[in-house]
Every structure is written in structure tokens, then in C-alpha cells.
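# Per-entry structural report
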Amino acid sequence: MTGATSHNIFRTAIVPAAGLGTRFLPTTKAVPKELLPIVDTPGIELVAAEAAEAGATRMVIVTSPGKEAVVQYFRPMEELEEALRRKGKTEQLAKIRRAHGLLEVDVAIQEQAHGLGHAVAQAEANLTEEDRAVAVLLPDDLVLPSGVLNRMADVRAQYGGSVLCAFDIPKEQISPYGVFDVSDTGDEDVKQVHGMVEKPSPEAAPSTYAAAGRYLLDRAIFDALRRIQPGSGGELQLTDAVALLIKEGHPVHIVVHRGGRHDLGNPAGFLKAAVDFALSHPEHGPELREWLTNRIGNEGS
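What counts, and at which threshold
Residues numbered from 1 in each chain as written. Predicted model: local features only at pLDDT ≥ 70, side-chain atom pairs only at ≥ 80, totals over all residues. Heavy atoms only, no water. Helix = DSSP H or I, 4+ residues; strand = E, 2+ residues; numbered from the N terminus. Buried < 20%, exposed > 50% of the residue type's maximum accessible area, 1.4 Å probe, protein only. Core = buried A, V, L, I, M, F, W, Y, C linked by side-chain atoms within 4.5 Å. Contact = heavy atoms within 4.5 Å. 1 Å grid on protein atoms, 1.4 Å probe; cavity = no way out; pocket = protein on both sides within 12 Å on 5 of 7 lines; lining within 4 Å. Points joined across faces, edges and corners; volume = space filled by probe spheres on them. Nonpolar A, V, L, I, M, F, W, Y, C, P; charged D, E, K, R; others polar. Salt bridge = Lys/Arg side-chain N within 4 Å of Asp/Glu carboxyl O.

## Describing unusual backbone geometry
The step from L25 to P26 runs through a cis peptide bond, and the omega angle for that step is 10 degrees. By secondary structure assignment, the location of P26 is in the loop between β1 (12–16) and β2 (37–38). For the peptide bond that leads from L144 to P145, omega is -10 degrees, which places it in the cis range. A positive phi angle, close to 65 degrees, is found at V39, a residue other than glycine. Along the chain, the position of V39 falls in the loop between β2 and β3 (41–42). Taking the relative accessible area as the measure of exposure, V39 reaches 29% and is therefore partly exposed.

## Here's the deal with the nonpolar core
Residues F10, I44, M59, I61, F74, M152 and L216 are the most contacted members of the largest nonpolar core, which totals 48 residues. Top element by residues in this core is helix α7 (residues 148–159). It accounts for five residues. With residues up to four places along the chain from it excluded, the contact list for M152 reads V163, L164, C165, R214, Y215, L216 and V255. Residues A108, V134, F180 and L244 belong to the second largest nonpolar core, which totals 35 residues.

## Notes on empty space enclosed by the protein
All chains considered together, the criterion is met by two cavities of 30 Å³ or more. The calculated volume of the largest cavity comes to roughly 70 Å³. Every residue lining the largest cavity is listed: K33, E34, L36, I38, G43, P139, D140, L264 and F270. Within the lining of the largest cavity, the residues separate by chemical class into five nonpolar, one polar and three charged. Estimated volume of the second largest cavity: approximately 30 Å³. Taken together, V193, G195, M196, T239, V242, A243 and I246 make up the full set of residues lining the second largest cavity. Counting residues per element, the ones that place at least two in the lining of the second largest cavity are β10 (190–198) and α9 (238–247). Element by element, the count of residues in the lining of the second largest cavity is highest for α9, at four residues.

## Regarding the layout of surface pockets
Put simply, the largest pocket is a space of about 1,600 Å³. Residue lining of the largest pocket: 45 residues in total, with R23, L116, L138, D140 and D141 positioned closest to the centre. Going through the elements one at a time, α6 (116–121), β10, β11 (209–218), α9, β13 (260–263) and α10 (267–279) are the ones with two or more residues in the lining of the largest pocket. A total of four residues in the lining of the largest pocket trace back to one element, the largest contributor, which is β11. In terms of residue class, the lining of the largest pocket is built from 18 nonpolar, 15 polar and 12 charged. Of the volumes computed, that of the second largest pocket is approximately 280 Å³. What lines the second largest pocket is a set of 15 residues, and nearest its centre among them are Y73, M77, L80, K95 and I96. Per-element accounting of the lining of the second largest pocket gives the leading share, three residues, to helix α5 (residues 90–98). Looking at the lining of the second largest pocket residue by residue, the classes come out as seven nonpolar, two polar and six charged.

## So, the pattern of salt bridges
Counted under the stated rule, the structure contains 21 salt bridges. Among the salt bridges present, the one from K67 reaches E34, with a minimum N-O distance of 2.9 Å. Taken as a pair, K67 in the loop between β4 (58–63) and α3 (68–72) and E34 in the loop between β1 and β2 lie far apart in primary sequence, 33 residues in all. When sorted by exposure, K67 lands in the same class as E34, which is buried. As a salt-bridge pair, D189 and R258 come within 2.7 Å of each other at their nearest N and O atoms. Within this pair, whereas D189 is found in the loop between β9 (178–184) and β10, its partner R258 is found in the loop between β12 (252–256) and β13, the two being separated by 69 residues in sequence. Taken together, the shared-partner salt bridges in this structure form one network comprising R11, R58, E104, D106 and D131.

Shown next as C-alpha cells:
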């Protein structure tokens, strides 16, 4: 199936972006973490482009008071565009137009942080009857290469219900993740989910399939979010709502993504992403590669 088929499965992407970005302080006193650039493009634009590529036409950014800049980034800036046009800076003009040309952007406000499930629930009021399923993309996770949402849409078209993205993690490294209890289907990279265990020991892990930051959720998730109880820290967990749907017979599957990922939620992961993207950049890549080679070669000398 193609992105056009994905559009028939879902049209709205929900992007939770209400966090305080405490691991990036003091920068995030003034600049939202989601707008920190990976080379020259904020992570949230990369996520928006991924959603648009998969057929989304709308994006609901769930943000908190004081982070209006995240939504404003996707609005046209007519004065800046006109200034660049007058100066003939066509390349820069195309760059600043790119974000607001991707999809329609709406906003939902999460007044207080009560967990990912609570954040997703705030977007329900932005949906219409057409939204029988929604995609949820966590902006801290860059899933590479893009395209996993298309595959997830294929799986929903085949099995119905909700579909989550997973990575196959070496068993000895599984403990920091939410891990799926699964059974096989006819496809090696599609598994039916029977449950989930948060941060198990390697010995207790039900599989090596760990949750990633991409979800394609049936509209029933919002009813489930209203019925679950707060978990650890008084937060509403999205995985608890998914677990409730599984218990009630709602089909849930994972797509095992065989690509890579970057975690933008901490400085070390952010730096890895920036270096990775910069090395692939036609303008910056060759010079950076040469500098890194020399820099690493000179260590200890």
C-alpha cells in the first residue's frame, strides 16, 4: 500500500509537545526543546514531515502554556518571507515555507502534565467523526528511515484495531523499555500483542520487542483513556489504555521496524542525531567527516 492508502486509514497526527525539556536547561528556559535544530531543521518539523509523507493532512500539537512558539513555527511569517523574496534568497525562502506547507496544524493545550495518556486525551476535542483512527508521534523519537506509519496503516487495514511500532532490542539491553508480550502472525515483522511489561529484567521480559514512539490508534483509545486510573506518579499512561483495549478484545498489533532511531529527549541522543544528519548533508557532511576523523585521530596525542 502507498501513502494514499495511509490517508484513508488516518488523516490526523497527534504530537505531544508539552514537556518542560528539563534535560536541556538552561536553553529551554527560552527555546522549546522541540525547536532545537538537527543541523538546520527542528525535530518537530522532521516528525511533521514523516506524518505528512504517510498521508496525514492535519497535525494536532499538544502543548503547554508558554510554549506557543512550537505552534507558531508552523505559521507563515509574511514579513520575513517578503524580505527574503526582495533579496532574492530563494533557498532560504523555500526553507521557511516548508513547515507550514506540510499539513494543517491545530493546537490543544495540556494545562498540567499528567502523563502521555493525558496529553493524547487533550486532542480528542480537535477530532471529527472522520477520525476513526489517529497517529501519535512522539517528537523525541526519530524513527529512520521514515515509512513505518505506512506499514502500520497496512496492518490496521488488514487486522483492524490499533498498531504500534516496535524495535527488536538485544535481550541484555531490554530493561529500560516497555516490552510487548506477543504471538506470531503470518508476517515475521507483524506480531499480535497480548500485553506489555514496563522495564522488565532481561530474564522476565516476555519478548525482545520494545515500544517506540509511533502509534496508530483506533478512536476507541479515547474512551479507554477516560476509564483507566492514574498509575505511577499519578499519571495517565497511554500503554495502560492500550492494555485495557486488549483486555476487552480489541485487536492490537506491532510492526517491528528494522531501521534505526534517535532519542532527542536527552543531550547525548540529540548530539548523535545532529552528527548523523550533518554527515549526510551534502554541504556540511564532507567537511564534518574530515574534521571528526582528524579530531578522533588526535585523541591522546
